[in-house]
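The lines below spell out each chain.
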Amino acid sequence: MSVVSLDKARPLPPFAQAVLDSLTDHVAVIDAEGTIIAVNEPWRKFARANGVAKPGCFVGDNYLAVCRTAGREDEFARAAIDGIQAVLAGIDRCFRLEYPCHSPDEQRWFALRATRLEHDGDNHAVLAHESITERVLSGQALRAAEQFSERILDSAHDCMKVLALDGTVLAMNRNSVQSLEIENIDLVVGHNWLELWPGADQEKARDALSQAAAGGIGRFQGFRQTYSGTPTWWDVIVSPILD
């Protein structure tokens, strides 16, 4: 029978430490009081890369005490304390928190996962810190691109809409709202643009959409009232958005 010791005074057995070191996240194991009793190699590498010279890379320090010191001015540290304590108390099995951890040279974000580990009748917690920087930066870039696209649409004086290939309205600019005299864009966005056109003009709209879907430019003139009932003729151009 093999035994894995979690005694804070002794290092982990070689095999247990090797398992911990094989994980790619930065991992620390804490006891019921929050004292760090083991860390893995990615944790140590990250600590050394950020100027930590302590041989144990915080083994023996109290993780919760560090969070409490930072928590005086950091809402993420306070949330981490509450979540980890709930895990150690047996209230929750696990806890997850995404937080920023910027350095002077770069912006970084991590996800903390605290999982309860029961051993010899005591609760411990395994704290895994995963870098989510790439995902966060990608999300920020996507939101910036979407906002830029919205500004381009809103800068146009025409009544502009973005359509899916089947005619579903995906977006519309501010001038569309004004031109259509519409109070709620949900009456248009998410609905099929072809349904906006009554009678024979719907076929004209369908042909124009088909031309645009094929890479050409469709154009027609049609009549429809605004949502306030104002009779209006429209000169419509449907053009493709090419990648």
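Predicted, not measured: the structure shown is a model, and the values here were computed from it.

**Q** Outline the pairing of strand β4 (residues 109–119), listing residues and values.
**A** On a regular strand, each side chain points to the face opposite its neighbour's, so the side chains alternate between the two faces of the sheet. Bridge count for strand β3 (residues 94–100) against β4 is 7 bridges, and the pairing is antiparallel. When the sheet's bridge partners are listed, Phe95 is paired in β4 with Ala114. Between β4 and strand β5 (residues 122–131), which pair antiparallel one after the other, the connecting turn spans 2 residues, and Asp120 there sits at a positive phi close to 55°.

**Q** Could you give an account of the layout of surface pockets, naming the residues involved and the relevant values?
**A** The calculated volume of the largest pocket comes to roughly 1200 Å³. Listed by contribution, the elements that provide at least two residues to the lining of the largest pocket are α5 (133–155), β6 (161–163), β7 (169–172), α6 (174–179), α7 (201–213) and β9 (231–238). For the lining of the largest pocket, the element with the highest residue contribution is α5, accounting for 6 residues. Broken down by class, the residue content of the lining of the largest pocket amounts to 24 nonpolar, 6 polar and 8 charged. Considered as a void within the structure, the second largest pocket measures approximately 800 Å³ in volume.

**Q** Before we move on, could you go through the state of the cysteines and cite the residues and values that matter?
**A** The term disulfide refers to a covalent linkage connecting the sulfur atoms of a pair of cysteines. Applying the stated criterion across every chain, the model contains 0 disulfides. Free of any disulfide, Cys57 has its nearest neighbouring cysteine sulfur in Cys101, separated by 15 Å. Given the relative accessible area of 24%, Cys101 is considered partly exposed.

**Q** Lay out the nonpolar core in plain terms, naming residues and giving numbers.
**A** The nonpolar side chains of a soluble globular protein tend to be buried with one another. Counting 23 residues, the largest nonpolar core has Ile30, Ile36, Trp43, Tyr63, Ile84, Leu112 and Leu127 as the members making the most contacts within it. Mapped onto this core, the elements with two or more residues apiece are β1 (26–30), β2 (36–39), α2 (41–49), α3 (63–71), α4 (75–88), β3, β4 and β5. When residues in this core are grouped by element, the largest group, 5 residues, is from α4.

**Q** Could you give me a rundown of the packing of aromatic side chains, with the residues and numbers involved?
**A** With the rule as written, the count across this model stands at 6 aromatic pairs. Look at Trp193 and Trp197: their rings are 6.0 Å apart centre to centre, the planes differ by 80°, and that puts the pair in the edge-to-face class. The same class applies to Trp193 and to Trp197, which are both buried. Summarising the aromatic geometry, the rings of Phe223 and Trp233 are spaced 5.4 Å apart at their centres and angled 55° between planes, so their arrangement reads as tilted. One end of the pair, Phe223, is in strand β8 (residues 218–225); the other, Trp233, is in strand β9, with 10 residues separating them in the sequence. The class of Phe223 is partly exposed, set by a relative accessible area of 29%. What links up through ring pairs into an aromatic cluster is the set Phe46, Tyr99 and Phe110.

**Q** Account for the packing of α3 against α4, with residues named and values stated.
**A** The interhelical angle for the contact between α3 and α4, taken along N-to-C directions, is 150°, at an axis separation of 8 Å. As the angle between them shows, α3 and α4 are arranged roughly antiparallel. You can see that α3 and α4 cross each other, and the crossing is left-handed. Listed contacts from α4 to Tyr63, Leu64, Cys67, Arg68, Ala70 and Gly71 of α3 are Ala77, Arg78, Ile81, Ile84, Gln85 and Leu88. In terms of residue class, the contact of α3 with α4 is made up of 8 nonpolar, 2 polar and 2 charged.

**Q** Mind laying out the pattern of salt bridges, listing which residues take part and the relevant values?
**A** The final tally for this structure, using the stated rule, is 14 salt bridges. The shortest N-O distance in the salt bridge between Asp25 and Arg113 comes to 3.0 Å. Taken together, the residues Asp25 in the loop between α1 (14–21) and β1 and Arg113 in strand β4 connect sequence positions 88 residues apart. Judged by its relative accessible area of 17%, Asp25 falls in the buried class. For Arg113, a relative accessible area of 30% puts it in the partly exposed group. Among the salt bridges present, the one from Glu41 reaches Arg48, with a minimum N-O distance of 2.9 Å. Judged by its relative accessible area of 22%, Glu41 is partly exposed. Among the ionic contacts, a cluster of salt bridges with common partners joins Asp21, Glu41, Arg44 and Arg48.

Definitions and cut-offs
- Residues numbered from 1 in each chain as written.
- Predicted model: local features only at pLDDT ≥ 70, side-chain atom pairs only at ≥ 80, totals over all residues.
- Heavy atoms only, no water.
- Pairing = 2+ DSSP bridges.
- Helix = DSSP H or I, 4+ residues; strand = E, 2+ residues; numbered from the N terminus.
- 1 Å grid on protein atoms, 1.4 Å probe; cavity = no way out; pocket = protein on both sides within 12 Å on 5 of 7 lines; lining within 4 Å.
- Points joined across faces, edges and corners; volume = space filled by probe spheres on them.
- Nonpolar A, V, L, I, M, F, W, Y, C, P; charged D, E, K, R; others polar.
- Disulfide = S-S within 2.5 Å.
- Buried < 20%, exposed > 50% of the residue type's maximum accessible area, 1.4 Å probe, protein only.
- Core = buried A, V, L, I, M, F, W, Y, C linked by side-chain atoms within 4.5 Å.
- Phe/Tyr/Trp six-rings, centres within 6.5 Å; stacked < 30°, edge-to-face > 60°.
- Axes fitted to C-alpha atoms, helices over the stretch in contact; angles between N-to-C directions.
- Parallel < 35°, antiparallel > 145°, perpendicular 65-115°, else oblique.
- Left-handed = near helix turned anticlockwise from the far one by under 90°.
- Contact = heavy atoms within 4.5 Å.
- Salt bridge = Lys/Arg side-chain N within 4 Å of Asp/Glu carboxyl O.

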